[in-house]
Amino acid sequence: MSLRNKGSNAYGHVGWLTVKCRICDRHLLIGTDVVYKCPKCEKKYNAYFCEADKRGLKGKCPYCGTELVPVL
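Residues numbered from 1 in each chain as written. Predicted model: local features only at pLDDT ≥ 70, side-chain atom pairs only at ≥ 80, totals over all residues. Heavy atoms only, no water.

Caption draft 1: Fine view of the sheet that holds strand β4 (residues 48–50). Here we have three strands laid out as an open sheet, ordered β4-β3-β5, and antiparallel in their pairing. Edge strands, defined here as strands with exactly one partner in the open sheet, are β4 and β5 (69–70). In terms of strand pairing, strand β3 (residues 35–37) meets β5 through two bridges, oriented antiparallel. If you follow K37 over to β5, its bridge partner there is V69. (Pairing = 2+ DSSP bridges. Helix = DSSP H or I, 4+ residues; strand = E, 2+ residues; numbered from the N terminus.)

Listed below in structure tokens is the structure:
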């Protein structure tokens, strides 16, 4: 019996790195796409934003007004 994770439970699976933009519902791949987050609302609202919506929001979180930061 192998102890390695397989399928969607594997550590390299894309599902672990994919988030959705809160405004346009676009799938964003962390590390490939430019993704921004609100440091305060990230956990509570899953507040991730694409580059285009970050410009539309003028760099501020729509929930709390905090400056958005890039996800590294």
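Caption draft 2: Molecular detail of the side chain of D53. If you trace the backbone, D53 turns up in helix α2 (residues 51–56). For the buried residue D53, which engages in no salt bridge, the nearest side chain bearing the opposite charge is R26, 7.5 Å off. Those residues within four positions of D53 in sequence are excluded, and the remaining contacts are C21, I23 and C24. (Buried < 20%, exposed > 50% of the residue type's maximum accessible area, 1.4 Å probe, protein only. Lys, Arg positive; Asp, Glu negative; His and termini not counted. Salt bridge = Lys/Arg side-chain N within 4 Å of Asp/Glu carboxyl O. Contact = heavy atoms within 4.5 Å.)

Caption draft 3: Layout of the nonpolar core. Core analysis: the biggest nonpolar cluster contains seven residues, these being Y36, C38, C41, A47, F49, C61 and L68. Beyond its immediate sequence surroundings of up to four residues, C41 is in contact with N46, A47, C61, Y63 and C64. With six residues, the next largest nonpolar core counts C21, L28, V35 and Y48 among its residues. (Core = buried A, V, L, I, M, F, W, Y, C linked by side-chain atoms within 4.5 Å.)

Caption draft 4: The arrangement of the pattern of salt bridges in detail. Taken as a whole and assessed by the stated rule, the structure comprises three salt bridges. Of the charged contacts in the structure, one is a salt bridge between D25 and K20, with a shortest N-O distance of 3.6 Å.

Caption draft 5: Representation of the packing of aromatic side chains in the model. Going through the model one piece at a time under the given rule, you end up with one aromatic pair. When the ring of Y45 is compared with that of Y63, the centres are 4.5 Å apart and the planes differ by 20°; the resulting orientation is stacked. Residue Y45 is located in helix α1 (residues 42–45), and its partner Y63 is located in the loop between α2 and β5; the two are separated by 18 residues in the primary sequence. Given the relative accessible area of 39%, Y63 is considered partly exposed. The positively charged end of K54 is found above the aromatic ring belonging to Y36, 4.9 Å away from the centroid. (Phe/Tyr/Trp six-rings, centres within 6.5 Å; stacked < 30°, edge-to-face > 60°. Lys NZ or Arg CZ within 6 Å of the ring centre and 35° of its normal.)

No statement about biological role is implied by the geometric values presented.
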